[in-house]
There are 2 protein chains.
Amino acid sequence: MVTDKFSALFYARSVALVGASNDRRKWGFVTLKHLVDGGFAGRIYPVNPSEDEILGLKVYKNIGDLPETPDMAVIVVPPPTVPDVIKQCVDKGIKAGIIITAGFAELGSEGARMQWQITDTARAGGMVFVGPNCNGVMSPWNKQYVQFPSFFVPPGPIAVVAQSGNVMDSLARQVMMYGQGCSVCIASGNEASLHIEDYLEYLADDPHTRVILSYIEGFKNGDRFIKVAREVSKKKPIIMVKAGRTQAGAAAAASHTASIAGSDVIFDAVCKQTGIIRAASLDELVNIGLGLLRQPLPKGRGLGIVTAGGGWGVLAADACAALGFNVVKLPEATIKELDKLLPAWWNRGNPVDLVAGVAGDNIFKAIELVMQVPWVDSMMFLSIMPALKVRGFDAPQQPEAREKWDKEITAAVIEAFERLNAIADKYQKPLVVASEHMWSTAVEQAEIGYELGKNNAVCYHMPHEAAAVLDAMAKYSGYLRGKAL
Amino acid sequence: MVTDKFSALFYARSVALVGASNDRRKWGFVTLKHLVDGGFAGRIYPVNPSEDEILGLKVYKNIGDLPETPDMAVIVVPPPTVPDVIKQCVDKGIKAGIIITAGFAELGSEGARMQWQITDTARAGGMVFVGPNCNGVMSPWNKQYVQFPSFFVPPGPIAVVAQSGNVMDSLARQVMMYGQGCSVCIASGNEASLHIEDYLEYLADDPHTRVILSYIEGFKNGDRFIKVAREVSKKKPIIMVKAGRTQAGAAAAASHTASIAGSDVIFDAVCKQTGIIRAASLDELVNIGLGLLRQPLPKGRGLGIVTAGGGWGVLAADACAALGFNVVKLPEATIKELDKLLPAWWNRGNPVDLVAGVAGDNIFKAIELVMQVPWVDSMMFLSIMPALKVRGFDAPQQPEAREKWDKEITAAVIEAFERLNAIADKYQKPLVVASEHMWSTAVEQAEIGYELGKNNAVCYHMPHEAAAVLDAMAKYSGYLRGKAL
């Protein structure tokens, strides 16, 4: 038996699933099936007084009958029976649980009363739990998928903590679609026992976790949250979407997870104090997390842009300037060096518009020249096609030739990103990329995004997305340096 | 020979390509190859004094030698030779052209002088042209792909006009990735001869075009633009991204297409006056266009949200309220009817949180109940999975079974969208959907988005994206009704 409570939750070697069911429509079936399908290597004990066997597993009538004290209990019984189940868990000596069942504080005073009751019982018995009103915990490094959806996010460096199971699923899945993986994903639900601060404290020292993505509707204890977040941010970036910023959203949050959303202006101030990076949406949250995994942090707001598309360059300059970046003037010496690489009619400005016809090595050289400018702190590169060894506008039309060519150009994309990442490392300045893969179908583009992630690279879809990532990097860098950038 | 100039441009039956080349790295090769590969059914005349044959086509030494007066000339010769080529075109009686060549007003006074010269020569000879400094025109209904990228957007109802070839390519490709098609895509470049207003006037009466997507860096003639846009908007929605809103962006625009960006505040006022829907980014531009293709327009700002995910419901309420929607209180009678469909612990509010366990017909019934509320003007539905006939969390793990199942669930998604669209039609209120396809990989998700488009439906990725689309619909509806919504 695992003794530490968080290890019991995330690295259990034995799990009781209380409320397991043979009815495929019920969570008690789906959750058990996914725990099995995900390849959990420990012992699983389904508990249900009226079943004998589910998915080939022996079912126990009640918790008291279990042949050992499991590390953790997953609870999916109807709300009125949860208090008794918690009492049984405590009596058995179980130290950690996940209460999936909904119908507590989010429904009003009667539910709140029941929530207090189970929390008191657990606390008195030395038990902690996730939830209630959550949809599980994914712990990929332990192949422990206590979850609703049927996909299995692979192990990786990104932690997810969300006060919404649906958002946890969203985030885990987006991470997976970008070829990355998760350290642990927690749907924290109503946070009756374990709170967001507890998870953040745990993740700060979790060796698998390198960035923390979080979705929050409200706080139980603002002071402790600020104290904890401030310390955790010094070790790892916390990126957060805070919902309930309008009256309509706050009302929805209250009925969803019984959260008091609080003032949005105050939360902005909290972010500044604690180093939390606030994201505007779930996709931006993931974008920023992926960027922080790989890129060095900038030391200022000076920005260089190199673009293979004129319009995208204008859009990028707009997006970055609006976020407070200084699209800097390039030194005359740099312009002269660039003159040697680019056609006579290049624009001699920043963004550096590569103009059609420039290709291959000269593009990487141009990027390096801009990187070398002392007042360039970070860079954006737009439209990767001309930098590839395989020419994107040479796509064969014949299906078999096309399939072979697709593999070649995907490999060329990965190679180009390796070169770009090496430039970022060499100069210790971030270099983010936004590009469509102009030759590809929607399906091929998704495939390329996935393969890039496998190779620890990320390509943003649009210039404004890349700009938001650079802005997050500058803010976080400022927090770590103790001065706003 | 086609006599009308726009027909000559977009529905040519014969095209001269001046500057055609056998050098695969040159635009003169790429453009010709794509015109051929795209399946152009008319006559193609490559022109180049030093080539005999390109891609199996006979090459003419100069324009004078052509066996007929072609409807249109595509010009890809170096900048200093463009004036002479235009003169030859005029002498031959050619009435329309596309000047791809760059190196004119965007480079300064010398280029501007040359641009005036070719414009004067063309005007005097009764010739109009697209560009210079553009990368082509796609006219899918005529299989006339004068373009740089190697994809071929299918014919459809969406027109693209962009003062950037790179952005034209982006937009056409995004439309294609959503399973939709284009009526015509124009990279307008420096707009020396034909201006944005000319294209808008043409598109207003083009029977193939139902919505107009546009990217603009600046205007030559603001007064005419306002006059034209105001009238065109009454017939078809114009959705526009205006770049150059910051100083850095405006400087980039000047060196890109010699555009004077003008004040961003003024452009906002122009949009209000003219009914132009302003989008914040290229992806939002496409999202709005796709929404306007299919959905009825709202009559007010009252909004109903039905969600299968609690967190997404909160995010949607936030996004919509921030844009001025009223997330309305549902009448007691509606709550009572919903009570019959939903579990006892549903939230009895708006957003209607479907809670786990609700599935199938009851979801459509719940949506209809909200649609019937008189003060609900539009609706958003989030997370489609539980509404499907095939259960999304039942994905088989075995590859062959999975492949079969994927087809079934994709068909189920399409069927669900047909039912949703039918509800929108029945109540004549827009019903937009944001959903992940929680069971799918990145590749499968891209495939579903494509198949949905083929069936005239669109599924947005995120709640805030769907909110922006509803906002655009409300603004456009307000313009048509003569009062701000």
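These figures come from a predicted structure and were not determined experimentally. (Residues numbered from 1 in each chain as written. Chains lettered and ligands numbered in written order. Predicted model: local features only at pLDDT ≥ 70, side-chain atom pairs only at ≥ 80, totals over all residues.)

Draft legend 1. Up close: the overall build of chain A. Of the regular secondary structure elements, chain A holds 16 helices and 19 strands. For a compact globule of 485 residues, the expected C-alpha radius of gyration is about 23 Å, and chain A comes in at 25 Å, within 12% of that figure. Projected onto the principal axes, the alpha-carbon positions of chain A cover approximately 80 × 55 × 40 Å. Counting across all 485 residues of chain A, residues that qualify as buried make up 60%. Contacts in chain A between residues at least 24 apart in sequence constitute 74% of all its contacts with a sequence separation of at least 6. (Helix = DSSP H or I, 4+ residues; strand = E, 2+ residues; numbered from the N terminus. Rg over C-alpha atoms; globule rule 2.2 N^0.38 Å. Buried ≥ 20, exposed ≤ 12 C-beta atoms within 10 Å, placed from the backbone. Contact = placed C-beta atoms within 7 Å.)

Draft legend 2. Representation of the interface of chain B and chain A. Each partner contributes residues to the interface: chain B has 71 residues there, and chain A has 71 residues. Secondary-structure elements contributing two or more residues to the side of chain B that touches chain A are helix 2 (27-37), helix 5 (165-177), helix 8 (247-257), helix 10 (282-294), helix 11 (310-322) and helix 15 (442-454) of chain B. With ten residues, the top contributor of residues to the side of chain B that touches chain A is helix 11 of chain B. Of the residues assigned to the side of chain B that touches chain A, the class counts are 37 nonpolar, 24 polar and ten charged. (Nonpolar A, V, L, I, M, F, W, Y, C, P; charged D, E, K, R; others polar.)

Draft legend 3. Spatial organisation of unusual backbone geometry. Residue and element names in this part refer to chain A. In this structure, the amide linkage connecting Gly 131 to the following residue, Pro 132, adopts the cis form with an omega of 0°. With respect to the element layout, Pro 132 can be found in the loop between strand 7 (128-130) and strand 8 (136-139). One non-glycine residue, Ser 383, lies in the positive phi region at around 70°.

Draft legend 4. Molecular detail of the relation of the copies chain B and chain A. Turning chain B through 180° and shifting it by 0.0 Å along the axis lays it on chain A, with an RMSD of 0.0 Å. Interpreted geometrically, this transformation is the action of a two-fold axis. In terms of C-alpha distance to the rotation axis, chain B has B:Val443 as its closest residue, with the C-alpha 2.5 Å off the axis. The residues that chain B uses at the interface reappear at the interface of chain A in 100% of cases, marking a shared surface. (Least-squares fit on C-alpha atoms with pLDDT ≥ 70 in both.)

Draft legend 5. View of the sheet that holds strand 2 (residues 43-47) of chain B. Residues and elements named next belong to chain B. With parallel pairing, five strands are arranged side by side in an open sheet as 2-1-5-6-7. Looking at which strands have only one partner, the edges of the open sheet turn out to be strand 2 and strand 7 (128-130). Between one strand and the next, the sheet's axes are offset by a mean angle of 20°, whatever the strand orientation. The pairing of strand 1 (residues 14-18) with strand 2 spans five bridges and is parallel. What sits directly across from Leu 17, in strand 2, is Pro 46. The sheet contacts of helix 2 involve strand 1, strand 2 and strand 5 (72-75), and relative to strand 1 the element is tilted by about 160°. On the sheet, helix 3 (residues 82-92) packs against strand 1, strand 5 and strand 6 (96-99) and is oriented at approximately 170° with respect to strand 5. (Pairing = 2+ DSSP bridges. Axes fitted to C-alpha atoms, helices over the stretch in contact; angles between N-to-C directions.)

Draft legend 6. Quick peek at the pairing of strand 2 (residues 43-47) of chain A. Buried residues dominate strand 2 of chain A, accounting for four of its five residues. In this fold, strand 1 (residues 14-18) of chain A hands off to helix 2 (residues 27-37) of chain A, which returns the chain to strand 2 of chain A; that crossover is right-handed. (Right-handed = clockwise from strand over helix to strand, strands pointing away.)

Draft legend 7. Structural view of the nonpolar core. Counting residues in hydrophobic clusters, the biggest one holds 357 residues, and the most contacted among them are A:Val160 and B:Val160. Excluding its chain neighbours within four sequence positions, the residues that come into contact with A:Val160 are A:Met168, A:Leu171, A:Ala172, A:Cys182, A:Cys185, A:Ile186 and A:Leu213. (Core = buried A, V, L, I, M, F, W, Y, C linked by C-beta atoms within 7 Å.)

Draft legend 8. Structural detail: the packing of helix 11 of chain B against helix 16 (residues 463-481) of chain B. All names here are of chain B. Orientation of helix 11 relative to helix 16, taken along the N-to-C sense of each, is 35°, at an axis distance of 8 Å. Considering how the two elements wind past one another, helix 11 and helix 16 form a crossing that is right-handed. On the side of helix 11, the interface is formed by Trp 312, Leu 315, Ala 316, Ala 319 and Cys 320, while helix 16 contributes Pro 463, His 464, Ala 467 and Leu 470. Considered class by class, the residues forming the contact of helix 11 with helix 16 number eight nonpolar, one polar and no charged. (Left-handed = near helix turned anticlockwise from the far one by under 90°.)

Draft legend 9. Highlighting the sheet that holds strand 14 (residues 277-278) of chain B. Residue and element names in this part refer to chain B. The seven strands are arranged 9-8-11-10-12-13-14 in an open sheet whose pairing can be described as mixed. Edge positions in the sheet fall to strand 9 (144-147) and strand 14, since each of these pairs with one other strand and no more. The sheet contact formed by strand 12 (residues 211-216) and strand 13 (residues 238-242) spans five bridges and is parallel. If you follow Ile 216 over to strand 13, its bridge partner there is Lys 242.

Draft legend 10. Layout of the environment of B:Ser50. Here B:Ser50 lies in the loop between strand 2 and strand 3 (53-54). Between the alpha carbons of B:Ser50 and B:Ala20 there is a distance of 10.0 Å; along the sequence they are 30 residues apart.

Draft legend 11. A look at the environment of A:Leu35. With respect to the helices and strands, A:Leu35 occurs in helix 2. For the pair A:Leu35 and A:Ala204, spaced 169 residues apart in sequence, the C-alpha separation works out to 26 Å.

Draft legend 12. Structural view of the environment of A:Asn22. Residues and elements named next belong to chain A. Structurally, Asn 22 is set in the loop between strand 1 and helix 2. When the C-alpha atoms of Asn 22 and Glu 51 are compared, they prove to be 7.7 Å apart, with 29 residues separating the residues in sequence. Beyond its immediate stretch of four places on either side in the chain, Asn 22 contacts Phe 29, Glu 51 and Ile 54.

Draft legend 13. Region of the structure containing the confidence of the model for chain A. Per-residue confidence for chain A gives a mean pLDDT of 94; residues scoring 70 or more make up 99%. ipTM for the predicted complex: 0.93, alongside a pTM of 0.95. (pLDDT = per-residue confidence, 0-100.)

Draft legend 14. Quick look at the pairing of strand 18 (residues 378-382) of chain B. Residue and element names in this part refer to chain B. Judged by how many residues are buried, strand 18 sits mostly within the fold: five of five residues are covered. Neither face of strand 18 is open: one carries Ser 378, Met 380 and Leu 382, the other Met 379 and Phe 381, and all of them are buried. Pairing geometry for strand 15 (residues 302-307) and strand 18, over five bridges, is parallel. Its bridge partner being in strand 18, Val 306 is matched across the sheet by Phe 381. For strand 18 and strand 19 (residues 431-434), the ladder comprises four bridges, and the chain directions are parallel.

Draft legend 15. Representation of helix 7 (residues 222-235) of chain B within the structure. Relative to the 20 Å expected for 14 residues at 1.5 Å per residue, helix 7 of chain B spans 20 Å between its end C-alpha atoms, a close match to the ideal helical length. On its buried face, helix 7 of chain B sits against helix 6 (196-204), strand 13, helix 9 (264-274) and helix 16 of chain B. (Expected span 1.5 Å × (residues − 1).)

Draft legend 16. Main features of the packing of helix 15 (residues 442-454) of chain A against helix 15 of chain B. Packing of helix 15 of chain A against helix 15 of chain B leaves a shortest axis separation of 8 Å and a crossing angle of 160°. It follows from the interaxial angle that helix 15 of chain A and helix 15 of chain B lie roughly antiparallel. Regarding helix 15 of chain A and helix 15 of chain B, the two cross each other, and that crossing is right-handed. Between helix 15 of chain A, through A:Ala442, A:Val443, A:Gln445, A:Ala446, A:Glu447, A:Gly449 and A:Tyr450, and helix 15 of chain B, the contact on the second element is made entirely by B:Ala442, B:Val443, B:Gln445, B:Ala446, B:Glu447, B:Gly449 and B:Tyr450. Looking at the contact of helix 15 of chain A with helix 15 of chain B residue by residue, the class counts come to eight nonpolar, four polar and two charged. (Parallel < 35°, antiparallel > 145°, perpendicular 65-115°, else oblique.)

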